[in-house]
Amino acid sequence: MTAPLLRGIIQEADAALAGNGRCADFRFGHDSGLGPLLVLMGIEGFDKGIDPRYSLTQWPAWKYVSMCSNMQIVFYRNRKGEVLVKFLKNEKESVIPAL
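Everything in this summary refers to the structure shown in the same document. (Residues numbered from 1 in each chain as written. Predicted model: local features only at pLDDT ≥ 70, side-chain atom pairs only at ≥ 80, totals over all residues. Heavy atoms only, no water.)

Each regular strand displays side chains that alternate between the two surfaces of the sheet. Direction of pairing for strand E1 (residues 71–77) relative to strand E2 (residues 83–89): antiparallel, over a ladder of seven bridges. Paired with Gln72 across the bridge in E2 is Leu88. Taken together, E1 and the strand that follows it, E2, pair antiparallel across an intervening segment of five residues, in which Gly81 is found at a positive phi of about 90 degrees. (Pairing = 2+ DSSP bridges. Helix = DSSP H or I, 4+ residues; strand = E, 2+ residues; numbered from the N terminus.)

Once that is clear, we can look at the sheet that holds strand E3 (residues 92–94). Across a sheet, paired strands are connected by hydrogen bonds in the backbone, their directions being either parallel or antiparallel. With antiparallel pairing, three strands are arranged side by side in an open sheet as E1-E2-E3. Either end of the sheet is taken by a strand with one partner, and the two such strands are E1 and E3. Each neighbouring strand pair of the sheet contributes to a mean axis angle of 40 degrees, computed without reference to strand direction. Its contacts with the sheet place helix H2 (residues 31–41) against E1 and E2, and it is angled at close to 45 degrees to E1. (Axes fitted to C-alpha atoms, helices over the stretch in contact; angles between N-to-C directions. Contact = heavy atoms within 4.5 Å.)

A few words on unusual backbone geometry. The phi torsion at Asn90 lies on the positive side, around 55 degrees, for a residue other than glycine. Along the chain, Asn90 falls in the loop between E2 and E3. Note on Asn90: relative accessible area 25%, which makes it partly exposed. Phi at Glu91 takes a positive value of approximately 65 degrees, unusual for a residue other than glycine. Summarising the element assignment, Glu91 is placed in the loop between E2 and E3. (Buried < 20%, exposed > 50% of the residue type's maximum accessible area, 1.4 Å probe, protein only.)

Moving on to the pattern of salt bridges. The final tally for this structure, using the stated rule, is five salt bridges. Asp25 is paired through a salt bridge with Arg22; the nearest N and O atoms lie 3.4 Å apart. Residue Asp25 is classed as partly exposed on the basis of its relative accessible area of 41%. On the basis of relative accessibility, which here comes to 45%, the residue Arg22 falls in the partly exposed class. (Salt bridge = Lys/Arg side-chain N within 4 Å of Asp/Glu carboxyl O.)

What follows is about the packing of helix H1 (residues 2–17) against H2. Taken N-terminus to C-terminus, the directions of H1 and H2 make an angle of 70 degrees; their axes are 10 Å apart at the nearest point. Accordingly, the angle class assigned to the pair H1 and H2 is roughly perpendicular. For the crossing formed where H1 meets H2, the hand is right-handed. Residue-level inspection shows Thr2, Ala3, Leu5, Leu6 and Ile9 of H1 in contact with H2, the latter providing Pro36, Leu37, Leu40 and Met41. Class assignment of the residues belonging to the contact of H1 with H2 gives a composition of eight nonpolar, one polar and no charged. (Parallel < 35°, antiparallel > 145°, perpendicular 65-115°, else oblique. Left-handed = near helix turned anticlockwise from the far one by under 90°. Nonpolar A, V, L, I, M, F, W, Y, C, P; charged D, E, K, R; others polar.)

And the structure:
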């Protein structure tokens, strides 16, 4: 169910950037939904696969997606009118390494 969620986020962001009058959009969920979303987006720290046999030692979920985790996607326009995007995971700037 993560791909439809990401498609919805992208569609709503595109509409807002096109000028639909919306300036903020909020979604609320649990850590079990945020983790797969971060993986699908390829956010730093969630962009590499691991061997599931060693997941407890290589990828401690409590450290990366605790029950109070959050993700913010902030859009800006610079003076040239270009759209810039900032990703924050748990209030810390993050990136999508593939980009």
